[in-house]
Amino acid sequence: QAQLVESGGGLVRPGGSLRLSCAASGFTLSSYTMYWYRQAPGKERELVAGITSAGSSPNYADSVKGRFTISRDNAKNTVYLQMNSLKPEDTAVYYCNARRVVWSYWGQGTQVTVSA
């Protein structure tokens, strides 16, 4: 059964860093474009970052550009989101999404809370 599992979330102070991981099982990530989304309380889910199957052309939401970095290790079947200079407005549940043609898989999400 195809599954994505996010990890690495937690509570961090403003200005701090976290590294999220998204591990796939039951399918091979290498042929999928990968995305990170987030959803804050009372808000719609928004796209944070994306990366192609080859690991090229990462793209970012304007709100995280220069602070977040998406990467992937196809050998480990894992995608990462390095988050630096975190702000309170980054507080949300973060989800990874694998997408290829008609297939789309979502993880269960990991909570990131940025607070002093």
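Residues numbered from 1 in each chain as written. Predicted model: local features only at pLDDT ≥ 70, side-chain atom pairs only at ≥ 80, totals over all residues. Heavy atoms only, no water.

**Some words on the sheet that holds strand β7 (residues 68-73)**
For sheets, the rule is that strands pair by backbone hydrogen bonds, running either parallel or antiparallel.
Right, on to step 1. Spatially, β1-β3-β8-β7 is the arrangement adopted by the four strands of the open sheet, whose pairing is antiparallel. Edge positions in the sheet fall to β1 (3-7) and β7, since each of these pairs with one other strand and no more. Strand-to-strand twist in this sheet, taken as the mean axis angle between neighbours without regard to direction, amounts to 15°.
Right, on to step 2. Here β1 runs beside strand β3 (residues 18-25); their pairing, made up of five bridges, is antiparallel. Within β3, the residue paired with Val 5 across the bridge is Ala 23. (Pairing = 2+ DSSP bridges. Helix = DSSP H or I, 4+ residues; strand = E, 2+ residues; numbered from the N terminus. Axes fitted to C-alpha atoms, helices over the stretch in contact; angles between N-to-C directions.)

**Description of the state of the cysteines**
Right, on to step 1. The full count for this structure, using the stated rule, is one disulfide.
Right, on to step 2. Here Cys 22 connects covalently by a disulfide to Cys 96, the sulfurs 2.0 Å from one another. Taking the sign of the torsion about the S-S bond as the criterion, the disulfide between Cys 22 and Cys 96, at about 60°, is right-handed. In this pair, Cys 22 is assigned in strand β3 and Cys 96 in strand β9 (residues 92-100), connecting sequence segments 74 residues apart. The residues Cys 22 and Cys 96 share a single accessibility class, namely buried. (Disulfide = S-S within 2.5 Å. Buried < 20%, exposed > 50% of the residue type's maximum accessible area, 1.4 Å probe, protein only.)

**Observations concerning the pattern of salt bridges**
Right, on to step 1. One pass over the full model with this rule turns up four salt bridges.
Right, on to step 2. One salt bridge in this structure joins Glu 46 and Arg 38, with 2.6 Å as the shortest N-O distance.
Right, on to step 3. Its relative accessible area of 35% is what places Glu 46 among the partly exposed residues.
Right, on to step 4. The exposure class of Arg 38 is buried, given its relative accessible area of 5%.
Right, on to step 5. The partner of Asp 62 in a salt bridge is Lys 65, with the nearest N and O atoms 3.1 Å apart. In terms of burial, Asp 62 and Lys 65 fall into one category: exposed.
Right, on to step 6. Within the structure, one salt-bridge network assembled from shared partners comprises Arg 38, Glu 46, Arg 67 and Asp 90. (Salt bridge = Lys/Arg side-chain N within 4 Å of Asp/Glu carboxyl O.)

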